[in-house]
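Here is what each chain is made of, one letter per residue.
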Amino acid sequence: MQKQFFFESIQTLCSSLQIDVALNRYLKHIKKTLPIDGMFINIHHAQYQHIQFLVHCNDTQSGTLDLRVPLSEEQNEILINKEWADITILNKISHEPVTEYITSQVVPEAKSLLMLKIYSQDTPLGMVVFYSKQHSAFKAHHGDFIEPHLHTIALLTAFELKGRNLLKINQDITKQNSSLKRALFNSHGVIGAESGLRPVMEKVKAIAKLSTTVLLHGETGCGKEVVANAIHEMSDLSDKPFIKVNCGAIPESLIDSELFGYEKGAFTGANATKKGLFEQANGGTIFLDEIGELPLAVQVRLLRVLQNSTIVRVGGSESIQLNIRIIAATHRNLKAMVHKGEFREDLWYRLAIFPIEIPALRQRTSDIPLLLQHFIELLSAKFNLTQLPSTTEKELAKLTHYSWPGNVRELFNIIERAMIQYPKGPLAFDLYDEELEAEPDHHGNVIVIDPSYAGNMLVPLDTMIAKYISHALKITGGKLYGAGGAAELLDINPNTLRSKMKKLNLC
Ligand SMILES: Nc1ncnc2c1ncn2[C@@H]1O[C@H](COP(=O)(O)OP(=O)(O)OP(=O)(O)O)[C@@H](O)[C@H]1O
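A quick note: this is a predicted structure, and the numbers were derived from the prediction, not measured.

Draft legend 1. Highlighting the overall build of the protein. When its secondary structure is counted, the protein shows 19 helices and 17 strands. Expressed as a percentage of the 507 residues in the protein, the buried residues total 29%. Counted over contacts in the protein with a minimum sequence separation of 6, partners at least 24 positions apart contribute 65%.

In structure tokens:
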């Protein structure tokens, strides 16, 4: 009879992986033999000073719970110090005020309890509690009936806890994932928006919603187009056209017709009227990349467009009204070009209303690991790699110490090459040899001169020489001749140094 009871009980306990469903069937079964009105499982989390109820089943209800009953310090201590037997019968619940208090949170009508400890391996897991609404309902042999089921109940409980843990981890990851996606979305694809490009993005946020003309300046490949995209995306024109024009890539003879369009018959081959890029961008944004490459003659016409907000198609006479946001970009020093007469000053004033300087990659090395991860993910999708290749600390250090004359574009190319070579990782990066000139000074010290550090931001040679001489004079405290003087430091004849300084207006 007991054997039969055992097998049938285990069968019900194993009938579902959902603890509430299994316990409900189990309860229905054991109620036929034992004076039980219901059952619950709880865990004492002494360190958090609370009791966690996991599941509660009776005739009318059965379900999992995540009820946490806080305990006072005193109640907590009582439970910690109480030496519970593996099976405890409490036929008058009021004899144990803490247990009565805890039980009353879920079943206030319980009068007698049959409490059994459950273990996961040898670690106490919690307590499975059977209750009756009658006083003195339980006898010692009732515990003996239940005890053989405890392993299975413990297994179900551990499984339930593991499931809850996984669910929690999953929820955390989902939350993290969506916050990462949000961060990426909010930064409109600009990696480093929260680190090295934060000052840039602050300016972008400030200007995006206005119609102000923006001039982006930065070395080649540093992300001018990426930032221009972000400005358009964050503006109220994001659903309107965004037309990109590489001013340096259009042959001079075609620039006018490309930018402003042409009328049918304007020139041989003009078989139909064609809208230019400005007209195509009407209502939206035009991105004039490499603006420094525009020939002076076209600069005049562009200035007219900016001043009047109108264009006239080549071969046409009608003025077409435009409503366009202009973003221009260049890696060149437009102000220096103005001084040299290569760029119109009036156009420069029109463009440089809100300049944004995008720092070179070597000036924001904190972005390199983020960009690396981003490009690895991007390229893994392109190359159909199921596992993202990793790299080593040493290789990452190589990337952060390189001067990146080609900036992010060069980084992308180097990562792409490494992923073709080492698709399973670890990625090793083949950096172009930097042209390091190592020369011993007159004390035999080796000084590394690295002109590539300047990237494309070269200054006139005389400016550099003047800065170098001034620096030497700073070191020597203004002393020109003799031991420890600037001439000795620079290894140059003092008269030659003096005449150079005169020429460079340094004295
Ligand atoms: N912050 C960034 N986040 C993600 N990708 C970037 C970032 N900066 C640059 N890139 C990537 O690097 C490459 C070069 O960027 P981009 O074309 O914007 O540079 P650029 O400054 O406009 O270059 P150029 O001066 O040659 O026109 C592109 O593939 C771009 O997607």
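Next comes the rest of the account.
Draft legend 2. Quick look at the sheet that holds strand S5 (residues 112-120). Read from one edge of the open sheet, six strands run S3-S2-S1-S6-S5-S4, paired in antiparallel fashion. The sheet is open, and its two edges are formed by strand S3 (62-70) and strand S4 (87-90), each paired on a single side. The mean inter-strand angle of the sheet, taken between neighbouring strand axes irrespective of direction, is 20°. Examined bridge by bridge, strand S1 (residues 38-45) and strand S6 (residues 123-132) share five bridges and lie antiparallel to one another. From the neighbouring strand, Phe40 faces S6, where its bridge partner is Val129. Strand contacts of helix H2 (residues 19-30): S1, strand S2 (50-58) and S3, with the helix running at about 55° to S2, the strand carrying the most contacts.

Draft legend 3. Seen up close, the environment of Gln280. With respect to the helices and strands, Gln280 occurs in helix H10 (residues 277-280). Counting along the chain gives 42 residues from Gln280 to Leu322, while the straight-line C-alpha distance between them is 10.0 Å. Apart from residues no more than four positions distant in its own chain, Gln280 is found in contact with Pro241, Ile243 and Lys275.

Draft legend 4. Main features of the site of the ligand. In the vicinity of the ligand, 17 residues are found, and the nearest of them are Ile191, Gly223, Lys224, Glu225 and Val408. Counting residues per element, the ones that place at least two in the shell around the ligand are helix H8 (224-234) and helix H16 (407-421). Of the residues in the shell around the ligand, the class split is seven nonpolar, six polar and four charged.

Draft legend 5. Representation of the sheet that holds strand S8 (residues 242-246). Strand order in this open sheet of five strands is S8-S11-S14-S7-S15, and the pairing throughout is parallel. The open sheet has two edge strands, S8 and strand S15 (354-357), and neither has a second partner. For this sheet the average axis-to-axis angle between neighbouring strands, irrespective of direction, equals 20°.

Draft legend 6. Quick peek at helix H19 (residues 494-503). Of all ten residues that make up H19, one are buried, and the element is exposed over most of its length. One or two residues past the end of H19 sits Asn505, with phi positive at roughly 60°.

Draft legend 7. Here's a closer look at unusual backbone geometry. Residue Pro426 is bonded to the preceding Gly425 through a cis peptide linkage, with omega at -10°. With respect to the secondary-structure elements, Pro426 resides in the loop between H16 and strand S16 (437-440). The backbone of Gln121 shows a phi angle near 50°, a positive value even though the residue is not glycine. Along the polypeptide, Gln121 turns up in the loop between S5 and S6. Gln121 sits in the exposed class, given 7 other C-beta atoms within 10 Å.

Draft legend 8. Looking closely at the packing of helix H1 (residues 2-13) against H2. Axis separation between H1 and H2 bottoms out at 7 Å; the angle between their running directions is 155°. Here H1 lies roughly antiparallel to H2, going by the angle between them. Along the contact surface, H1 presents Glu8, Ser9, Thr12 and Leu13, while H2 presents Ala22, Arg25, Tyr26, His29 and Ile30. Residue composition of the contact of H1 with H2, by class: four nonpolar, three polar and two charged.

Draft legend 9. Expanded view of the nonpolar core. Counting 59 residues, the largest nonpolar core has Leu216, Val227 and Ile327 as the members making the most contacts within it. Per-element accounting of this core gives the leading share, six residues, to H16. The next biggest cluster of nonpolar side chains, apart from the first, holds 36 residues, and it includes Phe40, Leu54, Val55 and Ile102.

Draft legend 10. Examining the environment of Gln49 more closely. If you trace the backbone, Gln49 turns up in the loop between S1 and S2. Separated by 21 residues in sequence, Gln49 and Pro70 place their C-alpha atoms 6.1 Å apart. Beyond its immediate chain neighbours, meaning those up to four positions away, Gln49 contacts Pro70, Leu71 and Asn76.

Draft legend 11. Looking closely at the packing of helix H7 (residues 198-208) against H8. Contact pair H7 / H8: the axes reach a minimum separation of 9 Å and the direction vectors enclose 35°. Of the two elements, H7 crosses H8, and the hand of that crossing is right-handed. Contacts between H7 and H8 involve Val200, Val204, Lys205, Ile207 and Ala208 from the former and Val227, Ala230, Ile231 and Met234 from the latter. When the residues that make up the contact of H7 with H8 are grouped by side-chain class, the tally is eight nonpolar, no polar and one charged.

Draft legend 12. Molecular detail of the pairing of strand S11 (residues 285-289). Across the five residues that make up S11, a large majority, five, are buried. Pairing geometry for S8 and S11, over five bridges, is parallel. If you follow Asn246 over to S11, its bridge partner there is Asp289. In the sheet, S11 pairs with strand S14 (residues 325-330) via four bridges, with the strands oriented parallel. By the bridge assignment for S14, Phe287 is matched with Ile327.

Draft legend 13. Up close: the confidence of the model for the protein. This prediction gives the protein a mean pLDDT of 88; 92% of its residues lie at or above 70. Of the regions scoring below 50 in pLDDT, residues 434-446 engages in 15 contacts with residues more than four places distant in sequence or in other chains. Two numbers describe this predicted complex: its pTM, 0.56, and its ipTM, 0.98.

Conventions used here
Residues numbered from 1 in each chain as written. Predicted model: local features only at pLDDT ≥ 70, side-chain atom pairs only at ≥ 80, totals over all residues. Helix = DSSP H or I, 4+ residues; strand = E, 2+ residues; numbered from the N terminus. Buried ≥ 20, exposed ≤ 12 C-beta atoms within 10 Å, placed from the backbone. Contact = placed C-beta atoms within 7 Å. Pairing = 2+ DSSP bridges. Axes fitted to C-alpha atoms, helices over the stretch in contact; angles between N-to-C directions. Near = placed C-beta within 6 Å. Nonpolar A, V, L, I, M, F, W, Y, C, P; charged D, E, K, R; others polar. Parallel < 35°, antiparallel > 145°, perpendicular 65-115°, else oblique. Core = buried A, V, L, I, M, F, W, Y, C linked by C-beta atoms within 7 Å. Left-handed = near helix turned anticlockwise from the far one by under 90°. pLDDT = per-residue confidence, 0-100.

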